[in-house]
Amino acid sequence: MRRIIFTEFFVHFLYISTATLYRFLPAMINRPGFAEEEEESPVYCPTMLTASIPNGTAFHPSNFILLGIPGMQDQHIWISIPFCSMYILALAGNGTILFIIITDKALHEPMYLFLCLLSVTDLVLCSTTLPKMLAIFWLDAHNISFHGCLTQMFFVHAVFATESAILLAMAFDRYVAICRPLHYTSILNASVIGKIGTACVVRGLLFVFPFIILIKRLPFCGHHILAHTYCEHMGIAKLACTSIKPNTIYGLTVALSVTGMDVVLIAASYVLILQAVLRLPSQDAQTRAFSTCGAHVCVILVFYIPAFFSFFTHRFGHHVPPQAHIILANLYLLVPPVLNPLVYGINTKQIRTRILGLGMWRR
């Protein structure tokens, strides 16, 4: 019965957050009332990325050109090697965690269900940007359609917000497990976890969808060159030839009230956990708890610090080199999916034992 509940929950989460949106989002963006008259895409030559579009350009360009990392085009091949390696590690690590949790009934517990959700969002998060970035670096595939760019922007921000909510849910899970161990299974049963997972996804979708409306209202006056490796809200908005104050205000509001609130609540959870750990009678138990929580906090910091740096650089960091900004903007989407399976998964005894057993079985 528990396996059936877990499977239904996992399938609903995966299809709601990924398949359905990828199928219908472009149509939603292009529906009557939002679509503007568009002009045929100008001829694009990879050696003339900075060429301007002829006069008479439509309200929205039919496509954007992603430059990659400006000033470092000659090093794109070399830069792609560590990024590709980390992407492969992220796919392998999160895929292994998902396979082990899904196939082992003993791991259908609250902590592992949250870890399963985290692995799904990690896979989607890094896969929204890395394939296109590698195509730019390896194949000079700089073009991306206008609606394709909006779709990528939507998933980057929506999945980031979803992962932030899941990290908060995992912090709450650790708080209940350590501070309320006798009520753990009654507080976090399969039904509650399903509702939490759905709320994480819905929250991300609701807060990020207005980004599409805010971008669609902007005229671009022929500007179509993005100095980036992927499409993000403020990067697109800065190409507009009108005021982007609503975009700036709403972007900051979401960053501070949604993601910022997650950070505050996660910090509060770990403070309460720390107080509970300090009351443990065993020194060995304290050491193990500090080691586990310390690793969790480090991964959380790696997730949020580069993200907030990228958010605020768009608004206030006019003297930050664009190369540093773009590299950090890619790292905050890639490094957490690489580290999360190690810290939350392999660092857990039950999963580590099953991974070792899987390796011995293959031999």
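Rules of the game
- Residues numbered from 1 in each chain as written.
- Predicted model: local features only at pLDDT ≥ 70, side-chain atom pairs only at ≥ 80, totals over all residues.
- Heavy atoms only, no water.
- Disulfide = S-S within 2.5 Å.
- Helix = DSSP H or I, 4+ residues; strand = E, 2+ residues; numbered from the N terminus.
- Buried < 20%, exposed > 50% of the residue type's maximum accessible area, 1.4 Å probe, protein only.
- Patch = residues over 30% accessible without salt bridge, like charges linked within 9 Å, V, L, I, M, F, W, Y side chains within 5 Å.
- Areas by Shrake-Rupley, 256 points an atom, 1.4 Å probe, with all protein chains shown as cover.
- Salt bridge = Lys/Arg side-chain N within 4 Å of Asp/Glu carboxyl O.
- 1 Å grid on protein atoms, 1.4 Å probe; cavity = no way out; pocket = protein on both sides within 12 Å on 5 of 7 lines; lining within 4 Å.
- Points joined across faces, edges and corners; volume = space filled by probe spheres on them.
- Nonpolar A, V, L, I, M, F, W, Y, C, P; charged D, E, K, R; others polar.
- Phe/Tyr/Trp six-rings, centres within 6.5 Å; stacked < 30°, edge-to-face > 60°.
- Pairing = 2+ DSSP bridges.

Draft legend 1. Structural view of the state of the cysteines. Evaluated as defined, the whole model comprises two disulfides. Linked covalently through their sulfurs, Cys149 and Cys231 form a disulfide whose S-S length is 2.0 Å. One quick way to see it: the torsion about the S-S bond of Cys149 and Cys231 is about -115°, and its sign makes the bridge left-handed. Highlighted residues: Cys149 in helix 5 (residues 146-179) and Cys231 in the loop between strand 3 (225-226) and helix 8 (233-237), separated in sequence by 82 residues. For the pair shown, Cys149 and Cys231 are each scored as buried. Taking only the cysteines that form disulfides and numbering them from first to last, the protein has the pattern 1-3, 2-4.

Draft legend 2. Focus on a nonpolar patch on the surface. Together, Ile77, Trp78, Ile81, Trp138 and Leu139 make up a nonpolar patch on the protein surface, roughly 610 Å² of accessible area in all. At the level of secondary structure, the elements contributing two or more residues to the nonpolar patch comprise helix 2 (76-103) and helix 4 (130-139). The element best represented in the nonpolar patch is helix 2, accounting for three residues. With respect to the helices and strands, the residue Trp78 is situated in helix 2.

Draft legend 3. Summary view of the layout of surface pockets. A volume near 560 Å³ is recorded for the largest pocket. In terms of lining residues, the largest pocket is bounded by 20 residues, among which Met111, Arg174, Arg288, Ala289 and Thr292 are the most central. Contributing elements (two or more residues each) for the lining of the largest pocket: helix 3 (110-127), helix 5, helix 10 (283-316) and helix 11 (322-346). Looking at the lining of the largest pocket, the element that brings in the most residues is helix 10, giving six residues. Looking at the lining of the largest pocket residue by residue, the class counts come to twelve nonpolar, four polar and four charged. Volume-wise, the second largest pocket comes out at about 320 Å³. If you go around the second largest pocket, you meet 15 residues; those closest to its centre are Ala227, Gly235, Lys238, His314 and His325. Of all elements in the fold, only helix 10 and helix 11 reach the threshold of two or more residues within the lining of the second largest pocket. In terms of residue class, the lining of the second largest pocket is built from seven nonpolar, six polar and two charged.

Draft legend 4. Quick look at the packing of aromatic side chains. For the structure shown, the criterion picks out 14 aromatic pairs. Considering the side-chain rings of Phe146 and Phe220, the 6.2 Å spacing of their centres and the 75° angle between planes classify their relative orientation as edge-to-face. Residue Phe146 is found in helix 5, and its partner Phe220 is found in the loop between helix 7 (190-216) and strand 3; the two are separated by 74 residues along the sequence. Using a relative accessible area of 1% as the deciding quantity, one classes Phe146 as buried. Aromatic side chains Phe160 and Phe303 sit 4.6 Å apart centroid to centroid with 15° between the ring planes, which places their arrangement in the stacked category. Here Phe303 lies in helix 10 and Phe160 lies in helix 5, a separation of 143 residues in the sequence. Taken together, Phe160, Phe303, Tyr304, Phe308, Phe311, Phe312 and Tyr332 form an aromatic cluster joined through their ring pairs.

Draft legend 5. Up close: empty space enclosed by the protein. In this structure the tally under the stated criterion is three cavities of 30 Å³ or more. Volume-wise, the largest cavity comes out at about 190 Å³. Along the walls of the largest cavity sit 15 residues, with His157, Phe211, Gly251, Ala255 and Phe311 positioned nearest its centre. The element contributing the most residues to the lining of the largest cavity is helix 9 (residues 245-278), with four residues. Of the residues in the lining of the largest cavity, the class split is eight nonpolar, five polar and two charged.

Draft legend 6. Inspection of unusual backbone geometry at higher detail. Not every positive phi belongs to a glycine, and Asp140 is a case in point at roughly 55°. For Asp140, the location among the structural elements is in the loop between helix 4 and strand 2 (143-145). Given the relative accessible area of 44%, Asp140 is considered partly exposed. Unlike most non-glycine residues, Cys221 shows phi in positive territory, near 50°. Within the fold, Cys221 resides in the loop between helix 7 and strand 3.

Draft legend 7. Focus on the sheet that holds strand 2. The strand order across the open sheet formed by three strands is 2-1-3, and the pairing between neighbours is mixed. On the outer flanks of this sheet lie strand 2 and strand 3, each paired with one strand and no other. Relative to strand 2, strand 1 (residues 63-66) runs antiparallel, the two sharing three bridges. Across the sheet, the residue bridging to Phe64 is Ile144, located in strand 2.

Draft legend 8. Local environment of the pattern of salt bridges. Per the counting criterion, the structure on display carries three salt bridges. The closest approach of N and O atoms between Arg354 and Asp104, which form a salt bridge, is 2.2 Å. Here Asp104 lies in the loop between helix 2 and helix 3 and Arg354 lies in helix 12 (residues 349-362), a separation of 250 residues in the sequence. We note a salt bridge from Arg203 to Asp262, for which the minimum N-O separation is 2.8 Å. You can see Arg203 sitting in helix 7 and its partner Asp262 sitting in helix 9, a full 59 residues away along the chain.

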